[in-house]
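Report on the structure
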Amino acid sequence: MTSYLRLLTLGLFSALTIAAASAPARPVLREYDILRAFPAGRLAALSSGDIPDERGLTGSNRQNGSWLEAGAQRGSCRGVIAAVVAGDLAAADNAWRGIDTTFAHQRADGGFESVVKPNGTSSIAYNANVETAYFFLQELGRAILVIRQSPHAAHFEERITALTPKLRRAADFIAGGYDTIIPKVGHSVNRVIIAAKAFGTCGLVLRDEKLVALSRRLISHSITLRDKDGVFIENGGRDSSYNVVSILFGSVLALHLPLPEFEAVLPAAVAWQLTRILPDGKVDVTNNTRTGVGKEANAWGKTKEVNYTEVIFALTYYGLIHQDQAALAAADRVFTYAHQNPKPRKS
């Protein structure tokens, strides 16, 4: 590393440290309580598409009618969380079937089986298999942590204990592939943060400080992937759907793992995001680098659109965590717009 790069890195670290130290401290909050504070009916509405089918498939696996990859199964974990927060243990048990289905596809090395998707891509290659695994694990680890914060932990204790050796193998698999993550998804900061969430939440579940340390390393890197105004960079520019994904997943992780340096950079990213919410609640896609403008295709070869569910989640979380009325008002508008203009949810 050259002297210039060393000074640049040191300067960036110092600036982030000062920003984190000067940011106003927020109360210690639990995700379970934040979810309980959601506006009435919102969590249920946002999670309505997360119920597994009769085979335990969710997301694009369910849409495909058969198994594609592990990452698509993360919806089942969200379904468990929503049911636990609602106190509906029968619904939680039903959603848990998706978790069991996922581990039925676990390989001996801890990774998960993958097949070719309808658009011709797949997660068969090692770096892609690590990616689809952490997409699933980031919601599974979170689900277990929320369950343990809830009054219903005992209901799930036996199955979580039985699952732990499988989770251990899966966590070891993605840890073994840590060095593939930034080369593969560094252009897409939201995925860096999703990987951090997988390492952080699973590290907490497994009480593994090494996994937690990997999470913090990825979060530190994600902070460098912002433009001069603090907006998270996606494919070389700004995207009004994926910027909010970075806000959402980082905010959720920070509820379980203290990340003051990350929370210190959120106000700028949120401020820009609010300028993308139109008066009627529609998300402005003007000049987006990825979604809503025909630049990327989804697993079915169709144009990748704004994920309204994640926009609503992100603004609601941020508003409740930081008591930000502008974010909460924007979340209300987006929720109303999305309800009036329903679109299929991504996996």
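Look a little higher up for the structure.
A brief report on the enclosed structure follows. (Residues numbered from 1 in each chain as written. Predicted model: local features only at pLDDT ≥ 70, side-chain atom pairs only at ≥ 80, totals over all residues. Heavy atoms only, no water.)

Let's shift gears to the nonpolar core. Within the largest apolar cluster, 101 residues are counted, with the highest numbers of intra-cluster contacts made by Tyr-134, Leu-140 and Tyr-317. Of all the elements, helix H7 (residues 126-149) adds the most residues to this core, at twelve residues. Once residues lying within four places of it in the same chain are set aside, the contact partners of Tyr-134 are Ile-174, Ile-181, Val-185, Arg-191, Ile-194, Ala-195 and Ala-198. (Core = buried A, V, L, I, M, F, W, Y, C linked by side-chain atoms within 4.5 Å. Buried < 20%, exposed > 50% of the residue type's maximum accessible area, 1.4 Å probe, protein only. Helix = DSSP H or I, 4+ residues; strand = E, 2+ residues; numbered from the N terminus. Contact = heavy atoms within 4.5 Å.)

Before going further, it helps to spend a moment on the environment of Thr-275. Summarising the element assignment, Thr-275 is placed in helix H14 (residues 266-275). Thr-275 sits in the partly exposed class, given a relative accessible area of 46%. In this structure the C-alpha to C-alpha distance between Thr-275 and Gln-325, which are 50 residues apart in sequence, comes to 15 Å. Within the structure, Thr-275 has its side chain in polar contact with the side chain of Arg-276 (distance 3.4 Å). (Polar contact = N/O pair within 3.5 Å; in protein donor to acceptor, adjacent residues only side chain to side chain.)

Tracing the sequence through the fold places Glu-305 in the loop between H14 and helix H15 (308-322). Remark: the alpha-carbon pair of Glu-305 and Arg-333, spanning 28 residues in sequence, is separated by 18 Å. Those residues in contact with Glu-305, other than ones at most four positions away along the chain, are Ser-241, Thr-291 and Gly-292.

Positive phi values are uncommon outside glycine, yet Arg-207 reaches one of about 55°. Residue placement: Arg-207 occurs in the loop between helix H10 (189-206) and helix H11 (209-223). With a relative accessible area of 70%, Arg-207 lands in the exposed category. In this structure, Asn-287 takes a positive phi of about 65° despite not being glycine. By the secondary structure assignment, Asn-287 is in the loop between H14 and H15. Taking the relative accessible area as the measure of exposure, Asn-287 reaches 67% and is therefore exposed.

With that out of the way, let us pick up the pattern of salt bridges. One side chain can pair with another of opposite charge once the charged atoms of both are near each other. Counting across every chain of the model gives 22 salt bridges. Between Asp-332 and Arg-42 there is a salt bridge, with the nearest N and O atoms lying 2.7 Å from each other. Here the residue Asp-332 occupies a position in helix H16 (residues 325-340), and Arg-42 occupies one in helix H3 (residues 42-46), the gap between them amounting to 290 residues. Owing to a relative accessible area of 5%, Arg-42 belongs among the buried residues under this scheme. Note that Arg-276 and Asp-284 form a salt bridge whose closest N and O atoms lie 3.5 Å from each other. For the pair Arg-276 and Asp-284, one class covers both residues: buried. Each of Glu-31, Glu-139, Arg-142 and Lys-197 takes part in salt bridges that share partners, so that together they form one network. (Salt bridge = Lys/Arg side-chain N within 4 Å of Asp/Glu carboxyl O.)

Let us look at H11. For H11, spanning 15 residues, the distance from its first C-alpha to its last is 21 Å, which sits close to the expected 21 Å at 1.5 Å a residue. Among all positions of H11, only Leu-211, Val-212, Leu-214, Ser-215, Leu-218, Ile-219, Ser-222 and Ile-223 are buried. You can read the cap of H11 off the contacts: a side-chain oxygen lies 2.9 Å from the backbone nitrogen of Lys-210, and it is on Asp-208. (Expected span 1.5 Å × (residues − 1).)

In this section: the packing of helix H5 (residues 74-86) against helix H6 (residues 89-104). The angle between the axes and the distance between the axes are what describe a pair of packed helices. Two elements in contact, H5 and H6, have axes whose closest approach is 8 Å; the angle formed by their N-to-C orientations is 165°. Looking at the two axes, H5 sits roughly antiparallel to H6. Here H5 runs over H6; the crossing is left-handed. Residues Ser-76, Cys-77, Gly-79, Val-80, Ala-83 and Val-84 of H5 lie in contact with H6, whose contacting residues are Ala-91, Ala-92, Ala-95, Trp-96, Gly-98 and Ile-99. The residue inventory of the contact of H5 with H6, partitioned by class, reads nine nonpolar, three polar and no charged. (Axes fitted to C-alpha atoms, helices over the stretch in contact; angles between N-to-C directions. Parallel < 35°, antiparallel > 145°, perpendicular 65-115°, else oblique. Left-handed = near helix turned anticlockwise from the far one by under 90°. Nonpolar A, V, L, I, M, F, W, Y, C, P; charged D, E, K, R; others polar.)

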